[in-house]
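Listed below, chain by chain, are the residues.
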Amino acid sequence: MYTASWRDVVRTDLFGASPDRRDRPYRLIIRLCLVVFHLFRFRFDVRGAQHVPATGGAVICSNHVSFFDFTFLGLGAISQHRLVRFMAKSAVFDHWFAGPFMRAMRHIPVDRRAGAAAFDAAVRALKDGEVVGVFPEATISRSFTVKDLKAGAARMSIEAGVPIIPAAVWGGHRVATKGHKVELRRGVPVMVILGEPIVPEPGEKVQQLLRRTRAAMGALLDEAQRDYPDQPAGPEDRWWLPVHLGGTAPTPEEALVADAARAAGHGPKARKKSPLQRITGILRRR
């Protein structure tokens, strides 16, 4: 397990010998994240970082269980001196606080009413040699299993002619996830696993590539859950485990019904948010 240190925060070679000047804001944000990781003593197990290409475009496709998954997933690319351009809802870019940071880090806004623009922007970034991060489940999985994937990531991979790097994150949901209050606990282990590149075959259809990607993501998530060092402290602490591992999270079917109800405006009424919840609310829009 790796724990961020003050030495990591100030390392001059953290982003390589000659990092792009345009990414100074992004590099600053990463260093600030390392400060937070150090203060809360998050324990990271990052595997497969070598699968992120040192140069050229790639699509990182990860499962989604926590509001902070994108910060954890970015750790998997740092050792290769790569910065990930994440695709996120356009509402995040419109926010008075988060928006300027998102634009400065050159992430890619997604307006679901005009998805073609986001797709084209992502393909251009990939062809320019960028690493683009996608959570193809489109939203956090309440069942803590891999949901059905949106086809955009596979389409981008085929259109740009770049590989998909399947990934899994696990553990961050114990700090902040949908349907549970934020628990700023110290020493939480977080698993980040990146798999071998999935290269589109000549003439491969989108759905076939999507099936291969989902299978790889599922296998990586199984590995992360199997090797995770912590166990629930008691019966009431089993909420963060999926049902098939003896947890009390909703089944995939129950989560699907709940997501549909909330999308239709039939979910439970929101309670008044604390200042901390209002801040983390920015990240919930991802």
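Just above sits the structure.
Nothing here was measured: the structure is a model prediction, and the numbers come from that model.

Draft legend 1. Structural view of the pairing of strand β5 (residues 131-134). Neither face of β5 is left uncovered, since the one carrying Val131 and Gly133 and the one carrying Val132 and Val134 both have all their residues buried. Note that strand β2 (residues 58-62) and β5 share four bridges and pair parallel. When the bridges of β5 are listed, isoleucine 60 appears paired with glycine 133.

Draft legend 2. Expanded view of the pattern of salt bridges. Counted by the stated rule, this structure contains 17 salt bridges. Taking the shortest distance from any N to any O, the salt bridge between lysine 147 and aspartate 259 comes out at 3.5 Å. Residue lysine 147 is found in the loop between β5 and α7 (152-160), and its partner aspartate 259 is found in helix α9 (residues 252-263); the two are separated by 112 residues along the sequence. Classification of aspartate 259 as buried rests on a relative accessible area of 18%. Between glutamate 183 and lysine 181 there is a salt bridge, with the nearest N and O atoms lying 3.8 Å from each other. It is possible to trace a salt-bridge network through shared partners that takes in Asp45, Arg47, Glu223, Arg226 and Asp227.

Draft legend 3. Inspection of the packing of helix α2 (residues 24-39) against helix α3 (residues 69-78) at higher detail. Relative to each other, α2 and α3 sit at 115°, their axes nearing to 11 Å. Classified by the angle between their axes, α2 and α3 sit roughly perpendicular to one another. Once α2 is placed against α3, the crossing between them reads as left-handed. Between α2, through Ile30, Cys33, Leu34 and Phe37, and α3, the contact on the second element is made entirely by Thr71, Phe72, Leu75 and Ile78. Class assignment of the residues belonging to the contact of α2 with α3 gives a composition of seven nonpolar, one polar and no charged.

Draft legend 4. A look at unusual backbone geometry. Positive phi, close to 60°, is recorded for arginine 106, a residue that is not glycine. Following the sequence through the fold, arginine 106 ends up in the loop between α5 (98-104) and β4 (108-110). The backbone of alanine 138 sits at a positive phi, close to 80°, despite the residue not being glycine. The topology assignment puts alanine 138 in the loop between β5 and α7. By relative accessible area, which is 23% here, alanine 138 ends up partly exposed.

Draft legend 5. Representation of the environment of arginine 124 in the model. Among the secondary structure elements, arginine 124 is positioned in helix α6 (residues 115-127). Between the alpha carbons of arginine 124 and alanine 160 there is a distance of 7.8 Å; along the sequence they are 36 residues apart.

Draft legend 6. Examining the sheet that holds β2 more closely. Pairing is mixed in the open sheet, where seven strands are placed in the order β1-β7-β6-β2-β5-β3-β4. The sheet terminates laterally at β1 (43-47) and β4, the two strands that pair on one side only. Each adjacent strand pair in this sheet contributes to an overall mean axis angle of 20°, direction not counted. Across five bridges, β1 lies against strand β7 (residues 189-194) in parallel orientation. The residue bridging arginine 43 from the neighbouring strand is proline 189, located in β7. Lying on the sheet, helix α8 (residues 206-227) is in contact with β1, β2, β6 (164-170) and β7; it crosses β6 at an angle near 30°.

Draft legend 7. A look at the packing of α7 against α8. Closest axis-to-axis distance for the α7/α8 pair is 9 Å, and the angle between their directions is 115°. Crossing angle aside, the handedness with which α7 passes α8 is right-handed. On α8, the residues that touch Ala154, Arg155, Ser157 and Ile158 of α7 are Val206, Leu209 and Leu210. Within the contact of α7 with α8, the residues separate by chemical class into five nonpolar, one polar and one charged.

Draft legend 8. Quick look at the nonpolar core. Counting 82 residues, the largest nonpolar core has Val59, Ile60, Met156 and Trp170 as the members making the most contacts within it. If we skip the residues at most four places from it in the chain, tryptophan 170 touches Val65, Phe144, Pro189, Val190, Met191, Leu221, Ala224, Gln225, Tyr228, Trp240, Leu241 and Pro242.

Draft legend 9. Structural view of the environment of arginine 226. Inspection of the secondary structure assignment puts arginine 226 in helix α8. Once the C-alpha coordinates of arginine 226 and leucine 39 are considered, the two residues, 187 residues apart in sequence, prove to be 27 Å apart.

So, how was this worked out
- Residues numbered from 1 in each chain as written.
- Predicted model: local features only at pLDDT ≥ 70, side-chain atom pairs only at ≥ 80, totals over all residues.
- Heavy atoms only, no water.
- Buried < 20%, exposed > 50% of the residue type's maximum accessible area, 1.4 Å probe, protein only.
- Helix = DSSP H or I, 4+ residues; strand = E, 2+ residues; numbered from the N terminus.
- Pairing = 2+ DSSP bridges.
- Salt bridge = Lys/Arg side-chain N within 4 Å of Asp/Glu carboxyl O.
- Axes fitted to C-alpha atoms, helices over the stretch in contact; angles between N-to-C directions.
- Parallel < 35°, antiparallel > 145°, perpendicular 65-115°, else oblique.
- Left-handed = near helix turned anticlockwise from the far one by under 90°.
- Contact = heavy atoms within 4.5 Å.
- Nonpolar A, V, L, I, M, F, W, Y, C, P; charged D, E, K, R; others polar.
- Core = buried A, V, L, I, M, F, W, Y, C linked by side-chain atoms within 4.5 Å.

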